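Coordinates in review
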Amino acid sequence: MKKLTHLVAGASVAFGLTVAASLPAAAVDFSGKTIEWTIPFSETGGSAKWANFFAPLLSENLPGKPTVVVKFMPGAGSTKGANWFQKQKHTDGTVMFGSSGSTQFPYLLGDPRVRYEYGDWNPVMASGTGGVAYLNAEDGAKFDGTANNLKGKTFVYGNQGATRLDLIPALAWKMLGMDVEHVMGVKGRGDGRKMFESGEATVDYQTSSAFLKNVTPLVEEGKAVPMMTWGALGANGDIVRDPTFPDIPTFKEVCDATDGCETSGPAWDAWKAFFIAGFPSQKIAFLPAGTPQDVMDAYTKAFAAIAARSDFAEISAKRLGKYPMYVGADSKSALAGAITVSDSAKDYVTGWLQAEFGVSLK
Amino acid sequence: MDILSLALPALADAWSLILQPTVLMYLLLGVTMGLAVGVFPGLGGIAGLSLVLPFMFGLEPSYGLALMIGMVAVVPTSDTFASVLMGIPGSSASQATVLDGFPMAKKGLAARALSAAFASSLFGGLVGAFFLTFFILVARPIVLEFKSPELLMVSAFGLSMVGILAGRVALKGMMAAGVGMLVATIGEGPFNGELRMASYDFPYLADGLKLVIVGLGIFAVPEIVALLRKDKAISERTSLGAGWLAGVRDWWANKWLSMRCALIGVIVGVIPGLGGSVVDWIAYGHTVQTNKDRSGFGKGDVRGVVGPESSNNAKEGGGLVPTLLFGIPGSGSMAIFIGALSLLGSGELEVGQVMLKNNLNYTYAIVWLLALANVMGTILCIALSGQIARITNIRFALIAPFIFMIISFAAFQSGQNLMDLAALFAIGFLGIMMRRFDWSRPAFLIGFVLANPVENYSNNANQIAGIRFRQGFEAGMDYIASPIVLTLLVITVVSVIVGLKQARNIRAEGEVASGGKRAPLLFLLTMIGFVSFALYDTATIPGYAFVDAVFPVTIASASLLCGLVLLAQMRLRPESDALFADRETGGEDADNCFALWPTLSWFAALLLATSLLGFILALCGFLLAFFRLRAGLAWARSLVLTGIGIAFMCFMARLLNRDFPPGLLQHYFDLPWPLT
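Remember, it's a predicted structure, so these values are computed and weren't measured experimentally.

Side note on the overall build of chain B
The helix and strand inventory of chain B stands at 30 helices and two strands. Over its C-alpha atoms chain B spans a radius of gyration of 24 Å, differing by no more than 12% from the 26 Å that the globule rule assigns to 676 residues. Dimensions along the principal axes, computed over C-alpha positions, put chain B at roughly 80 × 60 × 60 Å. Relative to its 676 residues, chain B shows a buried fraction of 61%. A total accessible area of about 24700 Å² is found for chain B, and carbon and sulfur atoms account for 68% of it. Of the side chains in chain B, 42 bear a positive and 40 a negative charge, and the two mean positions are spaced by 10 Å.

Written out as structure tokens, the structure is:
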């Protein structure tokens, strides 16, 4: 875990260089091929932005310069796409999949609809992200760095599914004592944002890349007020301010300042454990089961070359935020961090989901 | 003022997006493809768009828009050739044109009919584009207020029109729409991922059926099979004759009629889902009603050409309204258009309110591309009319295999999967049966296209309304009964009433004879069987995933009710009743020179051979055998035509880097491309 946590964008670039240098030249050639990178969400969410950012770069850096297209397969909060990917076999290395925290959580929680096994898949790249919760203008004006003034008011939130990444904001708001009604079955965070924009939802959260692109204009127009980020993991495992949003307080700070919200105890431990599983290595690119080593190497080399670009820190900060990126072997340990959560945290969340949403995972 | 500060810069921006040589080239390419697609009977906007869909990935947004808009805009212009020269509608939007256009051609006035039609089409297209410009300006602030209940109402508005589409027996149309919606719910549920009418042992269905396949199967396949069974030279060699100027003068003399029909086209186009299949009939009905001297209609009155042709191009502008403003498809081809938009560039374009808000320049670019495409299309049609007319002299048996080949290729674009072909064949068979027994196919497709938005928005609206009502009755009513919702409700009711009055003019599928109880009864029982299965399957979805069950259970129950009423009516009524419509018993289909089953077995054979030999080898055999045996060509010509077909397929596949669906043979042997 530690190895992961102290890596930041700059360091990962340096790491990428060493990987690139140490790999043998691959005989894999994708000339004239089309690589289909399936994202199990709709076109409007953070994963879409993430894949659309990497696709053209990947195309330039893979041997033979194949066309890389991003395909969207939304449904059941990414379970549909992940179940689909589980059925894919290696053919010629042109099938790629991008999972997200919303794919990891139901897997961790033993959701009965999950028919995929992370252990079967081959990670080639992982990158972290953060998340920002924001309020409508009216309630945002009442927000003073604590949730004290937000109690006693009913908020509406478009939720992708109780066992998805949405459990991070849901649990956070719950711990803050906010009364949030969840509209279930929203197809992606982009659709949740549309509900916020139309005024149907009054509170929302987006992952960093989607926040940068779609919510920043709303903030500038005065239609949305950022509330808190989930933070980032500091070197010693503490939650620190998100480097992409240094001016926005973290949930930890807000919780500390809010009456009745505690940053210790079972609720906090569970929240933090799921945050670590969900965000610092949230989005992972996979090749299907049975992919031979030379193809894996070709992809690893391509992603390392992307990370080694002199302008990478700059262009990725603009579109994805300032988060670490892991390539090759490091993406494997990133995956391990993303799919490991202590039993006590799991039990707490399972119990809370049952009580709050009536979701039975047994 | 919002209009001046926002719209004018966006309009100027839109022009700078369009007026680039590359964009205009893409537009010209789209227009040319659209003209080709329109000329061939059986191919329409859906087939055309699904062919260019794979080229959209990552394409510069303005290029992709130009290509697609160019294609969609001119299909209703060039489909006139088939209607006037052959007496066969080139696409569903030109059915009414046949009534007076074809008699004119028989009298040697083909050129006059065509030029009147082109002038009307151009005028209608421009009216549509101007309307859209104006409508976006006015509607933008209102549309930005739309929430789930409003969007649900817009979708429901579209669905409420199926009764009008249904033709003579409204219940059949409603049940057809219900079956369309149920077919759309096949696969994993959108909320909890629970499987509906599918199983993981059969993964193809778990992904749901794709619109391209359903659209092509339900419309294109039945048309091709029907035309093949007639197998006449599509038109007896008619000379176009003179009279190009006379046609334009005819249009000018009826410019007010043309204006009224264009407005009808725009208004009908705005209704989600209704689209092309009825607009020409409504315009034709209006044309006949508003003229004192009706004796000439049906025998070659040029006003019968001007009316429908003014309306069917105008409706494309109207049809873009729900598509662009709400993200709710105005028709089958618009549903594909929405899907294609998200593939453009890095996916920055989203239709709906977001586009109005953030991409007003693209919104206007679409409008002006539409207008430009109409002008280009008309010029090309007039300039090339001699050459295009010659195409219509070719026997359909020589064209049909190519059209079927192209449709198959379009169908398996998404997955290079043999199952795509099988699904196309299955849906095609359903389409043939629906056509035979006069069940409304447009109603089926509307159901299929609108099922998704209706399910989504009703889920959202229902939950949010629940929350609001818990806050207080007033808050709840404010949400579900907003002024916009109420206005839409009134519009829906008025449209249904006006629509039902118009319904008698609509013969969306032509006259169908009745006779014989057994076959129509059997088909009804099959439909009831499917609906009952859907009801059973979705009603047994476990409780934790009940959200996935609500919509299909509701629709299946309503459809089952329709079915049972129909069943009771069938017992009570004589076999001459419209209920027992069956094309095989009378009318033009009874005089076919080929029976249904042998014609169909050609395509079944292609499917079977593909599963054994792979697509390209199977296609070789199919084309060769078809040309030699069915069309009766000499070996030499059969071989040449087969070669052309295979070469075209390989060219397209090379361009797209696609493989063809493999068969059993490829399972055992490694074959070189394109046989893989």
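After presenting the structure, the write-up continues.
So, the pattern of salt bridges
By the definition in use, this model includes 18 salt bridges over all chains. The partner of Lys71(A) in a salt bridge is Glu36(A), and the shortest N-O contact between them spans 3.3 Å. Taken as a pair, Lys71(A) in strand E2 (residues 67-72) and Glu36(A) in strand E1 (residues 34-39) lie far apart in primary sequence, 35 residues in all. A relative accessible area of 22% means that Glu36(A) is categorised as partly exposed. When the shortest N-O distance is used, the salt bridge between Arg196(B) and Glu455(B) registers 2.9 Å.

What about the sheet that holds strand E5 (residues 131-136) of chain A?
All names here are of chain A. Strand order in the open sheet formed by three strands is E8-E5-E9, with antiparallel pairing between adjacent strands. Pairing within the sheet leaves two strands with one partner each, and these edge strands are strand E8 (203-207) and strand E9 (224-229). Taken over all neighbouring pairs, the strand axes of this sheet differ in orientation by 30° on average, direction set aside. Alignment of E5 against E9, held across five bridges, turns out to be antiparallel. Counted as the bridge partner of Asn-136 is Ala-224 from E9.

A word on the domain arrangement of chain A
All names here are of chain A. If you check the domain split of chain A, you get domain 1 (2-129 + 278-343) and domain 2 (131-271). Taken together, the contact between domain 1 and domain 2 spans 31 residues of the former and 28 residues of the latter. Roughly 2300 Å² of surface becomes buried between domain 1 and domain 2 when both sides are summed, with 59% attributable to carbon and sulfur atoms. At the junction of domain 1 with domain 2, the criterion picks out zero salt bridges. On the surface where domain 1 and domain 2 come into contact, there are zero residue pairs in polar contact (both at pLDDT 80 or more). Only helix H3 (46-61), helix H5 (101-109) and helix H13 (312-319) provide two or more residues apiece to the side of domain 1 that touches domain 2. Top contributing element to the side of domain 1 that touches domain 2 by residue count: H5, with five residues.

What about the interface of chain B and chain A?
Many analyses report the size of an interface as the accessible area lost when the parts associate. Taken residue by residue, the interface counts 37 residues in chain B and 36 residues in chain A. Between chain B and chain A the total buried area reaches about 3100 Å² when both faces are included, carbon and sulfur atoms providing 47% of it. Where chain B touches chain A, the interface holds one salt bridge. In this structure, Arg470(B) and Glu181(A) form a salt bridge, with 2.9 Å as the shortest nitrogen-oxygen distance. On inspection of chain B and its partner chain A, the count reaches five residue pairs in polar contact (both at pLDDT 80 or more). Counting only elements with at least two residues in the side of chain B that touches chain A, the list comes to helix H7 (148-159), helix H17 (353-358) and helix H22 (441-471) of chain B.

Focus on the domain arrangement of chain B
Residues and elements named next belong to chain B. One can read the domain layout of chain B as domain 1 (2-394) and domain 2 (396-426 + 595-676). Listed per partner, the contact involves 28 residues of domain 1 and 30 residues of domain 2. Inspection of the domain 1/domain 2 interface yields zero salt bridges. Where domain 1 packs against domain 2, one counts one residue pair in polar contact (both at pLDDT 80 or more). Put simply, the parts of the chain that give the side of domain 1 that touches domain 2 at least two residues each are helix H3 (45-52) and helix H11 (211-230). If you tally residues by element for the side of domain 1 that touches domain 2, the top one is H11, at eleven residues.

Side note on the environment of Ile69(B)
All names here are of chain B. Within the element layout of this structure, Ile-69 appears in helix H4 (residues 61-86). Separated by 297 residues in the primary sequence, Ile-69 and Ile-366 place their C-alpha atoms 7.1 Å from one another. If near-sequence neighbours (up to four positions away) are discounted, Ile-69 is found in contact with Leu-320, Phe-337, Ile-366, Leu-369, Leu-370 and Ala-373.

Concerning unusual backbone geometry
Residues and elements named next belong to chain B. A positive phi is found at Met-197, a non-glycine position, where the angle reads about 50°. Mapped onto the secondary structure, Met-197 falls in the loop between strand E2 (195-196) and helix H10 (203-206). Residue classification places Met-197 among the buried residues on the basis of a relative accessible area of 6%. A positive phi angle, near 60°, is found at Asp-438, a position not held by glycine. Looking at Asp-438, the relative accessible area reads 12%, which means it is buried.

A closer look at the state of the cysteines
The final tally for this structure, using the stated rule, is one disulfide over all chains. Note on cysteine connectivity: Cys255(A) is disulfide-linked to Cys261(A), with sulfurs 2.0 Å apart. Taking the torsion about the S-S bond as the criterion, the Cys255(A) to Cys261(A) disulfide, at about -95°, is left-handed. Under the relative-accessibility criterion, Cys255(A) is labelled buried at 0%. By relative accessible area, which is 8% here, Cys261(A) ends up buried. There is no disulfide at Cys261(B), and the cysteine sulfur nearest it, in Cys381(B), is 20 Å away. The cysteine Cys650(B) is free of any disulfide, with Cys620(B) supplying the nearest cysteine sulfur at 8.2 Å.

Quick notes on the packing of helix H20 (residues 396-411) of chain B against helix H21 (residues 418-436) of chain B
Residue and element names in this part refer to chain B. With their axes 9 Å apart at the nearest point, H20 and H21 run at an angle of 125° to one another. With respect to each other, H20 and H21 are oriented oblique. Taken as a pair, H20 and H21 cross one another with a handedness that is right-handed. Across the interface between the two elements, Ile-407, Ser-408 and Ala-411 of H20 pack against Asp-420, Leu-421 and Leu-424 of H21. Of the residues contributing to the contact of H20 with H21, the split by class is four nonpolar, one polar and one charged.

Structural notes on the confidence of the model for chain A
Looking at chain A as a whole, the pLDDT averages 81, with 90% of positions reaching at least 70. Mean pLDDT across the secondary structure elements of chain A bottoms out at helix H1 (residues 2-5) of chain A, with 43, and peaks at E9(A), with 94.

As for the pairing of strand E4 (residues 122-127) of chain A
Residue and element names in this part refer to chain A. Across the six residues that make up E4, a large majority, six, are buried. With five bridges connecting them, E4 and strand E12 (residues 283-287) associate as antiparallel partners. Each bridged residue has a counterpart across the sheet, and for Ser-127 the counterpart in E12 is Lys-283. Pairing analysis gives three bridges linking E4 to strand E13 (residues 325-327), with the strands arranged antiparallel. Within E13, the residue paired with Ser-127 across the bridge is Met-325.

Remarks on the sheet that holds E1(A)
Residues and elements named next belong to chain A. Overall, mixed pairing links the six strands, which are arranged E2-E1-E3-E12-E4-E13 in an open sheet. One side of each edge strand has no neighbouring strand; the edge strands of this open sheet are E2 and E13. Adjacent strand axes in the sheet meet at a mean angle of 25° when their direction is disregarded. Contacts from H3 reach E1, E2, strand E3 (95-99), E4, E12 and E13, with the element oriented near 165° to E2.

Some details on the nonpolar core
Counting 197 residues, the largest nonpolar core has Met175(B), Phe337(B), Tyr364(B) and Trp439(B) as its most contacted members. The biggest single contributor to this core is H4(B), with 15 residues. Taken together, domain 1 (2-394) and domain 2 (396-426 + 595-676) of chain B each give at least three residues to this core, which thus spans both. The residues touching Met175(B), leaving out its near neighbours within four places in the chain, are Trp439(B), Leu524(B), Met527(B), Ile528(B), Val531(B), Ser559(B), Cys562(B), Gly563(B) and Leu566(B). Core analysis: the next-biggest nonpolar cluster, separate from the first, contains 48 residues, Ala133(A), Tyr157(A), Val341(A) and Trp352(A) among them.

Basis of the calculations
- Residues numbered from 1 in each chain as written.
- Chains lettered and ligands numbered in written order.
- Predicted model: local features only at pLDDT ≥ 70, side-chain atom pairs only at ≥ 80, totals over all residues.
- Heavy atoms only, no water.
- Helix = DSSP H or I, 4+ residues; strand = E, 2+ residues; numbered from the N terminus.
- Rg over C-alpha atoms; globule rule 2.2 N^0.38 Å.
- Buried < 20%, exposed > 50% of the residue type's maximum accessible area, 1.4 Å probe, protein only.
- Areas by Shrake-Rupley, 256 points an atom, 1.4 Å probe, with all protein chains shown as cover.
- Lys, Arg positive; Asp, Glu negative; His and termini not counted.
- Charge placed at Lys NZ, Arg CZ, Asp CG, Glu CD.
- Salt bridge = Lys/Arg side-chain N within 4 Å of Asp/Glu carboxyl O.
- Pairing = 2+ DSSP bridges.
- Axes fitted to C-alpha atoms, helices over the stretch in contact; angles between N-to-C directions.
- Domains from an automatic or database assignment.
- Contact = heavy atoms within 4.5 Å.
- Buried area = accessible area lost by both parts, 1.4 Å probe.
- Polar contact = N/O pair within 3.5 Å; in protein donor to acceptor, adjacent residues only side chain to side chain.
- Disulfide = S-S within 2.5 Å.
- Parallel < 35°, antiparallel > 145°, perpendicular 65-115°, else oblique.
- Left-handed = near helix turned anticlockwise from the far one by under 90°.
- Nonpolar A, V, L, I, M, F, W, Y, C, P; charged D, E, K, R; others polar.
- pLDDT = per-residue confidence, 0-100.
- Core = buried A, V, L, I, M, F, W, Y, C linked by side-chain atoms within 4.5 Å.

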